[in-house]
Amino acid sequence: MTITANSQLPNLFSPNLESITSKINGSLPTLGAELVYVQDGAGRYLTFYWQQSELLGLNTEKIVDELNDGETFAPVDKVSYLERLHRILTSLVPERFQCWFSYRQELFEFELAISPIMPKLGTAATTVLVMGRLVQTKVNKKELKIVSKTPTQLKLALRSQQHRKQVNQITRNIRGTLDLDIIWQQTVDSLGKALRLERCIICPYQSSSSKVQVVAEYYQPNLKSILGLEIDIACEPAFAEALTTLEPIVMEVSGYTESQQQKILVVATCYQDQANGFVALNLPDECYPLTESELELAKEAADQLGTAIAHATLYKELEAARQKAEEASRLKSEFLANVSHEIRTPLNGMIGFLKLILEGMADDPEEQNQFLAEAHQLSIHLLNIINDILDIAKIEAGKMELACAPVKLNELFSDVENFMRPQAEMRNLSFGMQMPATSDEIIVQSNYQRLLQVMLNLVGNAIKFTHEGGVTVSADLVLKKAKLQDPQFPGMVRVRVADTGIGVSLDKQDKLFQLFSQVDGSRTRQYGGTGLGLAISQKLVEAMGGEVHFYSLGEGLGSTVTFTVPLYQQPVIVSSSESDSDSVY
């Protein structure tokens, strides 16, 4: 520490030592340090000021005489202290270090900054100015034979002062970040190191759960970690009482650490009088019993931590929402670019074929009919794309209304086969459809047109992404009663569409049912399409009371899509194959 021109001290360049000390005596309380004194080269006090002097029982008017006569407040290692003093007076370079002082039966550790009081030019420095702050106190066991378990008034006051500084430092640290993990770990580390705790833990709390989990922990190396441990609040009286009262709770428990009995402090962190976490720490002997001011300080610290947790949680939620919105915006932009390409492709083809006909470019009526057929196919493809867009718009607007009625499954399968078998055969793929073995018709409760749309979409995708092998469509009964709003149905029909196609890697399967998302969304992708098919199918099936699931072991290993619809009435089964009738999946 150096003395600047703006220092509150008087001019220290006077050759008169008595003048110096008298001027300094009047300035010591205004310097803002806990401990301030002036010494000569022999270590004799010329002036002395300490905030805790009265608690020590020192007479403030005769404090210098008392200290010099009895050496009652002196460095423990006086030889090293005087050597440092002489070095500073010789080099005129200030130094900062930590030093233990002894007073009666107690030891005090101070962080000191010693600066030489600069002499006139040509003369040697003979005095130093020392400023310091208290770091810790402890009983001098060598001098004290019988130690009282009740802390002295001085010790309680000093301990409270230390705790206040530590809490202030912790709150400053947690205000500097909005990362929950950092806030939790910084808090337990700061408390554990400052108070020399065996263990300190933090558990976030939500009112919807009766259990909390340890998410951050400080512990001594001789203990076992309990990170991730679930704590049932109802089974832990300290946690339950802290949650009920929102006040710091001190309780003696067994099993909190490896010790037989352990005093712990549990305090609920709060934001707007709502608990959002717990801080639990063991109390070392030197911190027990806690004073009223220390309990108030614990409550204040918990409120500060609770506010930080609430702000960090809100920031985390906002950040997640922002990222989700940005991703949705990116997907929609990508979707619009792809859809515009998908719309232009058939439209350009239609325009081209019709223009050839109008300009008389067809060589004969047969070629003209071929151009018309191609234009017609492209118009159907374009209509399907537009229908997908309209369907998804209705779904997003919540205006998709379905009128469900009994539908015969064999009629539905027959229509799907008529539509899709020619497409499969054109690609040299096998195509098979299997119905459950029953003696009467299988009837489902659904919307025929929408169910047909779902099946055509799923089978069309299977054919589109399969180069060799084939596609199989099958159905089986799940005879488990299902209640959808008011009516109750005897079971479900599960339809499977399996292919031997390209499959989907496990890390990309979550994109399949997202709106405006494609596994390959690039403009140079191999397969066209809007990317809405599976998302629309899922929404339609869910609106009819069923579920859609996708299975693939990875790229090149084929895919299976299953969906369920309610069974209108239970048919008579010929061959009972109900091994998987317990599950809808």
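Here we summarise the structure given alongside this text. (Residues numbered from 1 in each chain as written. Predicted model: local features only at pLDDT ≥ 70, side-chain atom pairs only at ≥ 80, totals over all residues. Heavy atoms only, no water.)

### Describing unusual backbone geometry
Alright, step 1. Backbone geometry at Leu92 places phi at a positive 60°, although glycine is not the residue there.
Alright, step 2. Among the structural elements, Leu92 can be located in the loop between helix H4 (78-91) and strand S4 (95-103).
Alright, step 3. A positive phi angle is found at Asp273, which is not glycine, with a value near 60°.
Alright, step 4. By secondary structure assignment, the location of Asp273 is in the loop between strand S12 (262-271) and strand S13 (274-282). (Helix = DSSP H or I, 4+ residues; strand = E, 2+ residues; numbered from the N terminus.)

### Focus: the sheet that holds S13
Alright, step 1. Within the open sheet, the five strands sit side by side as S9-S7-S13-S12-S11. Their pairing is antiparallel. Because the sheet does not close on itself, it has two edges, and the strands there are strand S9 (216-219) and strand S11 (249-253). Going from strand to strand, the sheet's axes swing by 20° on average, the running direction of each strand aside.
Alright, step 2. Of the pairings in the sheet, the one linking S12 to S13 comprises eight bridges and is antiparallel in character. Residue pairing across strands places Ala268 opposite Phe278, the latter belonging to S13.
Alright, step 3. Helix H6 (residues 180-195) rests against strand S7 (199-204), S9 and S13 of the sheet, and its axis sits at about 20° to S9. (Pairing = 2+ DSSP bridges. Axes fitted to C-alpha atoms, helices over the stretch in contact; angles between N-to-C directions. Contact = heavy atoms within 4.5 Å.)

### Focus: helix H7 (residues 237-245)
Alright, step 1. Among all positions of H7, only Ala238, Phe239 and Ala242 are buried. On an axial view of H7, the arc spanned by its buried residues comes to 100°, and they lie on one face.
Alright, step 2. Elements in contact with the buried residues of H7: strand S10 (230-232), S11, S12 and S13.
Alright, step 3. Trailing H7 by a residue or two, Leu246 shows a phi angle of about 55°, which is positive. (Buried < 20%, exposed > 50% of the residue type's maximum accessible area, 1.4 Å probe, protein only. Arc of directions from axis to C-beta.)

### Quick notes on the pairing of strand S22 (residues 559-566)
Alright, step 1. Burial analysis of S22 places seven of its eight residues in the buried class, the great majority of the element.
Alright, step 2. Where strand S20 (residues 492-499) and S22 come together, eight bridges link them in antiparallel fashion. For Asp499, the partnering residue across the bridge sits in S22 and is Ser559.

### Quick word on H6
Alright, step 1. Relative to the 22 Å expected for 16 residues at 1.5 Å per residue, H6 spans 23 Å between its end C-alpha atoms, a close match to the ideal helical length.
Alright, step 2. For H6, the set of buried residues is Leu180, Ile183, Trp184, Thr187, Val188, Leu191, Gly192 and Leu195. Along the long axis of H6, the arc covered by the buried residues comes to 145°, so they all point the same way. For H6, exposure combined with an orientation more than 90 degrees from the buried face picks out Asp181 and Lys193.
Alright, step 3. With a side-chain oxygen positioned 3.0 Å from the backbone nitrogen of Asp181, the residue opening H6 is Asp179.
Alright, step 4. Once H6 finishes, Arg196 follows within two positions and takes phi at roughly 55°, a positive value. (Expected span 1.5 Å × (residues − 1). Polar contact = N/O pair within 3.5 Å; in protein donor to acceptor, adjacent residues only side chain to side chain.)

### Points about the side chain of Asp499
Alright, step 1. Among the structural elements, Asp499 can be located in strand S20.
Alright, step 2. Of the side chains with opposite charge, Arg427 comes closest to the buried, unpaired Asp499, at an N-O distance of 10 Å.
Alright, step 3. Only 2.8 Å separates the side chain of Asp499 from the backbone nitrogen of Gly501, close enough to count as a polar contact.
Alright, step 4. In this view, Asp499 contacts Ala462, Thr466, Gly470, Val471, Gly558 and Ser559; residues no more than four positions away in its chain are not counted. (Lys, Arg positive; Asp, Glu negative; His and termini not counted. Salt bridge = Lys/Arg side-chain N within 4 Å of Asp/Glu carboxyl O.)

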